[in-house]
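# Fold and geometry: a report
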Amino acid sequence: MTFTPSRRATFAALIATAWIGLPFAAQAVDYPSKPIRFVVPYTAGGTTDLVARTVGQKVSEKLGQPVIIDNRAGAGGNIGMDAVAKAPADGYTIGFGAISTNALNPHIYKSMAFDPRKDFSAISLLGTSTIVLEVPAASPIQSVAELIAAAKKNPGLPYATAGAGTSMNLAGVMFAQMTGTELTHVAYKGSGPAINDMLGNTIGVMFDNLPASLPHIQAGKLRALAVAGPARSPALPNVPTIAEAGLKGYALDPWFGVYGPAHLPAPIVKALNQAFVEALALPEVKDKLTQAGFTPRSSTAEALNQLTQSEYQRLGDVARKAGMSAD
């Protein structure tokens, strides 16, 4: 074949295009070739830790590489997610983001090391969690109505959560706003320490993600007054929603998702998304998480990105109206 100047130029352009695309193509073929670090920005023993370990095991099986859970707690999840934002965009560091870290925190923390709208690549939604309003078993408070009465009688009544800026903190703020009461937020470093103080009667009220508290509720050590979501939890079918218990219009459904650093190559996003979608669809995964009070639900990467953007705007309005802040 004879190459004219124009043909030579076209051929050269095709070769250049193919060459430029080789790194991404190679990544898609080779990925993953080593263990993946899955950063959970909260302490071990909480909802995110349970979900990450359950789903991560199946993702590991599907990708053929270990998925190592790395608990990095602190600053309402900001420390862990900052580590994800600053990691190389090669797919070997991913993070367990949440409604708090990726939508609420930027509006309540004075200083943020990352911007959730720009510094992450969305991979897949993981699902939603149930928040439970609970008291120690020895508490005289038996219902939401009695809690409201106690809060009105004792302004500044303290309540515990797994941390400032968490969805549980938001649940408490909404409860106080809608009941016209004054509550004092006591932020712990994770659900575990807060539950320990509840069991020791050091603090008398808590908003918690259900998976962490459920074993203690089932054992009769904590009393669930209500759940915060729009519907009752299958794990606690006899426990009313806060709306059913008299606070009409109250509903909060925290969501969680998997994120990588910004500019994660599309083939790697696709591989990770497929692995998480398939893992969340497994009956044994769905059953285990549902029984623990978590509702597993996957999504496309684009759907999670859209949710992140819209929730960032919505929760910014909520935080400003409530005057929420965290150090």
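Anything mentioned here points back to the structure above.
Residues numbered from 1 in each chain as written. Predicted model: local features only at pLDDT ≥ 70, side-chain atom pairs only at ≥ 80, totals over all residues. Heavy atoms only, no water.

This part takes up the environment of Thr54. Mapped onto the fold, Thr54 is located in helix H2 (residues 47–63). A C-alpha to C-alpha distance of 21 Å links Thr54 and Leu236, two positions 182 residues apart in sequence. Other than its neighbours up to four places away in sequence, Thr54 contacts Val285, Lys288 and Leu289. In this structure the side chain of Thr54 is engaged in a polar contact, spanning 2.8 Å, whose partner is the backbone oxygen of Leu50. (Helix = DSSP H or I, 4+ residues; strand = E, 2+ residues; numbered from the N terminus. Contact = heavy atoms within 4.5 Å. Polar contact = N/O pair within 3.5 Å; in protein donor to acceptor, adjacent residues only side chain to side chain.)

What follows covers empty space enclosed by the protein. Per the stated rule, a full pass over the model turns up three cavities of 30 Å³ or more. Within this model, the largest cavity holds a volume of roughly 160 Å³. For the largest cavity, the lining is made up of 16 residues, of which Tyr42, Thr48, Ala162, Met168 and Asn209 are closest to its centre. Residues that form the lining of the largest cavity fall into these classes: six nonpolar, ten polar and no charged. The calculated volume of the second largest cavity comes to roughly 40 Å³. Every residue lining the second largest cavity is listed: Pro116, Arg117, Phe120, Ser121, Ala122, Tyr259, Asn305, Thr308 and Gln309. Those elements giving two or more residues to the lining of the second largest cavity turn out to be strand S4 (120–129) and helix H11 (301–322). Grouping the constituent residues of the lining of the second largest cavity by class yields four nonpolar, four polar and one charged. (1 Å grid on protein atoms, 1.4 Å probe; cavity = no way out; pocket = protein on both sides within 12 Å on 5 of 7 lines; lining within 4 Å. Points joined across faces, edges and corners; volume = space filled by probe spheres on them. Nonpolar A, V, L, I, M, F, W, Y, C, P; charged D, E, K, R; others polar.)

Within strand S1 (residues 36–40), four of the five residues are buried, leaving the element largely enclosed by the surrounding structure. A crossover links S1 with its parallel partner strand S2 (residues 67–71), the connecting element being H2, and its sense is right-handed. Direction of pairing for S1 relative to strand S3 (residues 93–98): parallel, over a ladder of three bridges. Considered in S3, the bridge of Phe38 is made with Ile94. (Buried < 20%, exposed > 50% of the residue type's maximum accessible area, 1.4 Å probe, protein only. Right-handed = clockwise from strand over helix to strand, strands pointing away. Pairing = 2+ DSSP bridges.)

Take the nonpolar core next. One finds Leu133, Leu147, Phe175, Phe207, Ile242 and Tyr250 to be the most contacted residues of the largest nonpolar core, which totals 50 residues. If one sorts the elements of this core by residue count, helix H6 (residues 167–179) sits on top with seven residues. Ignoring any residue separated from it by four or fewer positions in sequence, one finds Leu147 in contact with Leu133, Ile141, Leu157, Phe175, Val205 and Leu225. Of all hydrophobic cores here, the second largest spans 32 residues; its members include Val40, Leu264, Val269 and Val285. (Core = buried A, V, L, I, M, F, W, Y, C linked by side-chain atoms within 4.5 Å.)

With respect to the helices and strands, Gly249 occurs in the loop between strand S9 (222–227) and strand S10 (255–261). Along the primary structure Gly249 and Met178 are separated by 71 residues, whereas in three dimensions their C-alpha atoms are 9.0 Å apart. In this structure, Gly249 is in contact with Met178 and Ala243, ignoring residues within four places of it in sequence.

No statement about biological role is implied by the geometric values presented.
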